[in-house]
Amino acid sequence: MLPRCIVLGIMPVASSNVGIADQSSGMVLLMGNSHPELARLVSDRLGVRLGDAVVYNKTNRETSVDIKQSVRGKHVFILQSGSKNVNNDIVELLILIYACKTSAATKITVVMPYLPYSKQCRMLRRSSIPMRLVAEMISKSGATRLVSLDLYRKEIQGFFSIPVDNLRASLFLLQYIREYIPDHKNAIIVAKNPGVMHKATSYADRLRVGVAVIHGEQKESEESGTEDGRQSPPPNFAPFELFPSPLPKEKPPLTVVGDVGGRIAIMVDDIIDDAASFVAAAEVLKARGAYKIYVMATHGVLSSDAPALLEASPITEIIVTNTVPHEMQKMRCHKIKTVDISLMLCEAVRRIYYNESMGQLFRDINMDD
């Protein structure tokens, strides 16, 4: 049987009689190729061996899955996250799910700490909502439950027709602040844009510090009303006489609302991908008197030249969790620090397998996290 000793904050000790996933229990752990290191951490903490499955690309780049053990009647947990090869990660996951479904697995739980396409969760111009499509594919392929971490928007859970557990990394990030940031009582939590003000407020309340917000050019240019093709006038446009003419949106210069002089500034956000906006905000914070600047985000995607930009910036440290593999980025930027969240995923897997309440994982968590 699986060890029942796992409690948040305590690592179980694997014994010699646990480690056979298929024969000794009804759980099977499978992983894709996106984040094998995280999958092994979860496997080691659970004391359950990773299942025997091969996921590979053929010479014509088609994805193939070969599950080399029986999953009939089992509860299968598939650990797959998003990485730089995001489209391949999704296809691997879908084929893994479908392979387990056709092999008569009783339940299929997807553990996907970083959900790809989550930033494309609303309509812009005449595009679509790709996140809805990804959610439908995961649900239709045979998954019975999804576990993720800090979804970009909590409303994404409504795209799925299966239960979704949106875990939070704030407990681990707050613990890092208390243990590794000296004089954190002199800190101020900074929201990188007004959209994450609720998260910054939640962090500030629990650390008992102040809060500030970056205001200005943080919104993406494609989200501007003047850029939205749906708001363009028809060809034979005649001005309305009953309504005042709309004024174009003009972004104010980047500024900080709040006093950061002589303080440690801790910027918070969900995802750090393109680092240009973080660097611009850090320069403003530095000019306003912040003597140390930290960046905290759950998902460190860090694509393109983000590591080089961060290394040359006035940012002191960038703290991210290991939901996304970023070892190569850490070699290019020595300011990146990693917080391990495998313990939370491990406890979520154990509770789901034993049909226990997930409420303990949301203790001291509010809707603003």
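Sequence order as written defines residue numbering, which begins from 1 separately in each chain. Where local features are concerned, this predicted model is filtered to residues with pLDDT of at least 70; where side-chain atom pairs are given and counted, the filter is 80 or more; whole-chain, interface and lining totals use all residues. Heavy atoms throughout the structure, all of them, feed into the side-chain values; hydrogens and water do not.

J.: Quick one: what's the story with the sheet that holds strand 7 (residues 164-167), residue by residue and with numbers?
T.: The pairing of strands in a sheet happens through backbone hydrogen bonds and is either parallel or antiparallel. One open sheet accounts for five strands, arranged 1-4-5-6-7; its pairing is parallel. Of all strands in the sheet, those with a lone pairing partner are strand 1 (27-31) and strand 7, marking the two edges. In this sheet, neighbouring strand axes are inclined to one another by 15° on average, regardless of whether the strands run parallel or antiparallel. By definition, two strands form a pair when at least two bridges between them are found by DSSP. What counts as a helix is a DSSP run of H or I of at least four residues, what counts as a strand is a run of E of at least two, and both are numbered from the N terminus. Alignment of strand 4 (residues 75-79) against strand 5 (residues 107-111), held across five bridges, turns out to be parallel. Note that in strand 5 the partner of His 75 across the bridge is Lys 107. Sheet strands in contact with helix 10 (residues 342-353) are strand 1, strand 4, strand 5, strand 6 (145-149) and strand 7, and its direction is about 160° off that of strand 4. Note on geometry: axes are C-alpha line fits, over the in-contact stretch for helices, and angles between N-to-C directions span 0 to 180 degrees. Between two residues, a contact is recorded if the distance between any of their heavy atoms is within 4.5 Å.

J.: Now, about the packing of helix 2 (residues 36-46) against helix 10: what can you tell me, with residues and values included?
T.: Where helix 2 meets helix 10, the axes come as close as 9 Å, and the angle between the chain directions of the two elements is 60°. By the criterion of interaxial angle, the relationship of helix 2 to helix 10 is oblique. The interaxial crossing formed by helix 2 with helix 10 has right-handed handedness. Of the residues in helix 10, those touching helix 2 at Leu 38, Leu 41, Val 42, Arg 45 and Leu 46 are Ser 342, Leu 343, Leu 345, Cys 346, Val 349 and Arg 350. By residue class, the composition of the contact of helix 2 with helix 10 is eight nonpolar, one polar and two charged. We call two directions roughly parallel when the angle between them is under 35 degrees, roughly antiparallel when it is over 145, roughly perpendicular when it lies between 65 and 115, and oblique otherwise. Two helices that cross are described as forming a left-handed crossing if the nearer one is turned anticlockwise from the farther one by less than a right angle, and a right-handed crossing if clockwise. In this classification, the charged set is Asp, Glu, Lys and Arg, the nonpolar set is Ala, Val, Leu, Ile, Met, Phe, Trp, Tyr, Cys and Pro, and all remaining amino acids, among them Gly, are polar.

J.: Give a detailed account of helix 3 (residues 86-102), specifying residues and quantitative values.
T.: Between its first and last C-alpha atoms helix 3 spans 25 Å; for 17 residues at 1.5 Å apiece the expected length is 24 Å, and the two agree. Buried means the residue's accessible area, taken with a 1.4 Å probe over protein chains only, is under 20% of the maximum for its type, while exposed means over 50%, and partly exposed covers the values in between. If you check which residues of helix 3 are buried, you get Asn 88, Asp 89, Ile 90, Glu 92, Leu 93, Leu 94, Leu 96, Ile 97, Ala 99 and Cys 100. In this structure, the buried side of helix 3 is in contact with strand 1, strand 2 (53-57), strand 3 (63-67), strand 4, strand 5 and helix 4 (130-141). Positive backbone phi, at 70°, marks Ala 104, one or two positions downstream of helix 3. Any helix carries an expected span of 1.5 Å times its number of residues minus one.

J.: Can you break down the pattern of salt bridges residue by residue, with the values?
T.: One side chain can pair with another of opposite charge once the charged atoms of both are near each other. We count a salt bridge whenever a side-chain nitrogen from Lys or Arg sits within 4 Å of a carboxyl oxygen from Asp or Glu. Evaluated as defined, the whole model comprises 10 salt bridges. Among the salt bridges present, the one from Glu 136 reaches Arg 132, with a minimum N-O distance of 3.2 Å. With Glu 136 and Arg 132 both in helix 4 and four residues apart, this pair spans about one turn of that helix. A relative accessible area of 41% places Arg 132 in the partly exposed class. With a shortest N-O distance of 3.9 Å, Arg 351 and Glu 356 are connected by a salt bridge. You can call Arg 351 buried: its relative accessible area is 13%. Each of the salt bridges in this network shares a partner with another, and the network as a whole consists of Glu 347, Arg 350, Arg 351 and Glu 356.

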